[in-house]
Amino acid sequence: MSLDVSPKLLAEAEHGTLREADFVDTVRTSLPYAYDLVAGLAAELHDGTAEFTDNQTPPPSEKERGQLLRALASDAIRGSLERHFGVALAFQNCHRVAAFRPTARDGETYARFTSLRSQVLNQSPEFRDC
C-alpha cells in the first residue's frame, strides 16, 4: 500500500471534502523519504538561481526507493507535491528526481532533461532491476 490513510481522511474523501493539505500531510507521513527528497530539491531550487536541482544519489535501501517510485508514479501524489512545493518534477531512472520552476516545462532545459536521449544516457546496468 502506498499511503497510510487515516479514517478521518478516508471519510473526507468519501464525502468529497478532501483538502489537498491533508492529502499532502498523508504523503509526508506515509512516504517520508520521497517527501523529504522533493522538499529538499524544492528548497534548493527556490534558494538559488539554477534552472533546476536534482538528486543523483541512490536511496539508502529498497524501502526508500519504493517510496520514491510510488510517489512519482501516482499522478495525484506527484501533482500534489508539485503544487505544495511550487515546482515541476521530472524523473529519470530509479532515483534521479529533478525540480524545475513550473514555467520551465516549456523550456529547453526541461525538454532536454525529459527527452528520450537523456533517458537512454542515464541508464546503466545497476538500474535494470530498480
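Preceding this paragraph is the structure being described.
Residues numbered from 1 in each chain as written. Predicted model: local features only at pLDDT ≥ 70, side-chain atom pairs only at ≥ 80, totals over all residues. Heavy atoms only, no water.

Colleague: Talk me through the sheet that holds strand β3 (residues 96-100); I want residue IDs and the actual numbers.
Modeller: Taken in spatial order, the three strands make up an open sheet running β1-β3-β2, and their pairing is antiparallel. Edge positions in the sheet fall to β1 (52-54) and β2 (88-92), since each of these pairs with one other strand and no more. Averaged over neighbouring strand pairs, the angle between their axes works out to 20° when direction is ignored. Note that β1 and β3 share three bridges and pair antiparallel. Among the inter-strand pairings, T53 is bridged to a residue of β3, identified as A99. Those strands touched by helix α4 (residues 62-73) are β2 and β3, and its axis lies near 125° from that of β2. (Pairing = 2+ DSSP bridges. Helix = DSSP H or I, 4+ residues; strand = E, 2+ residues; numbered from the N terminus. Axes fitted to C-alpha atoms, helices over the stretch in contact; angles between N-to-C directions. Contact = heavy atoms within 4.5 Å.)

Colleague: How would you sum up the nonpolar core? Please name residues and give values.
Modeller: I77, L81 and L89 are the most contacted members of the largest nonpolar core, which has 23 residues in total. Contributions of two or more residues to this core are made by α2 (20-30), α3 (32-47), α4, α5 (75-85) and β3. Here the element with the most residues in this core is α3; it accounts for eight residues. A88, A98, A104 and F113 belong to the second-largest nonpolar core, a separate cluster that totals seven residues. (Core = buried A, V, L, I, M, F, W, Y, C linked by side-chain atoms within 4.5 Å. Buried < 20%, exposed > 50% of the residue type's maximum accessible area, 1.4 Å probe, protein only.)

Colleague: Give a description of α4 that names residues and reports values.
Modeller: Its 12 residues place the ends of α4 16 Å apart at the C-alpha level, agreeing with the 16 Å of an ideal helix rising 1.5 Å per residue. Those residues of α4 that sit buried are E64, R65, G66, Q67, L68, A71 and L72. On its buried side, α4 packs onto α2, α3, α5, β2 and β3. The opening residue of α4 is S61, an N-cap whose side-chain oxygen sits 3.2 Å from the backbone nitrogen of K63. (Expected span 1.5 Å × (residues − 1). Polar contact = N/O pair within 3.5 Å; in protein donor to acceptor, adjacent residues only side chain to side chain.)

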